[in-house]
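Results of the structural survey
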Amino acid sequence: MKTKRKRAMLPISRIARRGVITSCRLLLLVITLSLFAMPVNAQCEAKNDAFKSGEHVMYDLFFNWKFIWTKAGLASLTTNETIYQTKPAYRINLLAIGSKKADFFFKMRDTVTCIIGNRLEPYYFKKAAEEGKRYTIDEARFSYSNGLCHVKQSRTKDGKIERSEYSDSRCIYDMLSILAQARSFDPTDYKVGQRIQFPMTTGRKVEEQTLIFRGKKSFTAENDTTYRCLVFSLVEYKKGKEKEVITFYITDDKNHLPVRLDLYLNFGSAKAFLSSVRGNRHPLTSIVTK
């Protein structure tokens, strides 16, 4: 088992109140203190201030090929209460389905699931993805002991299973659990250009992610509603060069609801625009015009 010990961190909820952390696919920085200052599961816990069970969000997907934008499918993000190993929890599902027209260029059928505790600590993650001619299932199971966060990962592809384990004194997230956590953070003191790093499991490995706060901008969604948004970029570094992976817009209100995603893909680019939302916990005070 690969075990990577790092200096323990402050609880995320405390960091967020200091204005150091961000939001979406993603979105968090942890600040170093003394080793094992507190249990890792406590570090992973935070108060949910943004969403409630029954939230249902729909998106329209658009793909770009050779400067032509076309509607290519739908995506939904749903949150519901559940029970996981006798504990009350939330189940978050992200479903993305390409249209038959889009299948001609690139077939996409993605189902992403995460289960988190009532205090937003990660328990389980799964991504079943049919993308092009490839079908994979990635899974991650989280546990907490001896001041460490442990994640057991697996990838199933072509009938073969690749397994790995990883441990860290910081909390490890997946793409949905970090979104759930980050939606409750207070962005009041974010600085434009601020860079945030956080560890995230992909099902195959744990990677360090970098997020950049770009500032505020208004965006008009597919439902003809204009929202005041916080804008972030998820970037990666290859051979010393910075590459934009995702730019996303979240509402500048207590919901911190993702309303737009710009994705830069190997085969082109894609966008996801909010089309409808119901079951939101707070009023959408970020609406500028409707």
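A short tour of the structure in this document, coming up. Note that the structure is predicted; figures quoted are calculated from it, not measured.

**Some remarks on the overall build of the protein chain**
In terms of regular secondary structure, the protein chain is built from four helices and 16 strands. The buried share among the 290 residues of the protein chain stands at 53%. Surface accessibility of the protein chain: about 14100 Å² in total, with carbon and sulfur atoms responsible for 51%.

**A short note on the pairing of strand S9 (residues 160–168)**
Here is the key point about a regular strand: its side chains alternate between the two faces of the sheet. In this structure, strand S8 (residues 148–157) lies alongside S9, joined through nine bridges in antiparallel fashion. Counted as the bridge partner of threonine 156 is isoleucine 161 from S9. Counted along the chain from S8 to the antiparallel partner S9, the turn is two residues long, and its residue aspartate 158 has a positive phi close to 55 degrees.

**A look at the environment of lysine 71**
Along the polypeptide, lysine 71 turns up in strand S3 (residues 68–84). As for lysine 71 and alanine 270, which are separated by 199 residues in sequence, their C-alpha atoms are 9.7 Å apart.

**Observations concerning the pattern of salt bridges**
One pass over the full model with this rule turns up 15 salt bridges. A salt bridge links arginine 155 to aspartate 138, with the shortest nitrogen-to-oxygen separation between them at 2.7 Å. With arginine 155 in strand S8 and aspartate 138 in strand S7 (residues 134–145), the pair connects residues that are 17 residues apart, well separated along the chain. We classify arginine 155 as buried; its relative accessible area is 14%. Residue class for aspartate 138 comes out buried when judged on its relative accessible area of 3%. The closest approach of N and O atoms between aspartate 262 and arginine 260, which form a salt bridge, is 2.9 Å. Judged by relative accessible area, arginine 260 falls into the buried class, the value being 16%. Each of Asp168, Arg170 and Glu208 takes part in one network of salt bridges that share partners.

Cut-offs and rules
- Residues numbered from 1 in each chain as written.
- Predicted model: local features only at pLDDT ≥ 70, side-chain atom pairs only at ≥ 80, totals over all residues.
- Heavy atoms only, no water.
- Helix = DSSP H or I, 4+ residues; strand = E, 2+ residues; numbered from the N terminus.
- Buried < 20%, exposed > 50% of the residue type's maximum accessible area, 1.4 Å probe, protein only.
- Areas by Shrake-Rupley, 256 points an atom, 1.4 Å probe, with all protein chains shown as cover.
- Pairing = 2+ DSSP bridges.
- Salt bridge = Lys/Arg side-chain N within 4 Å of Asp/Glu carboxyl O.

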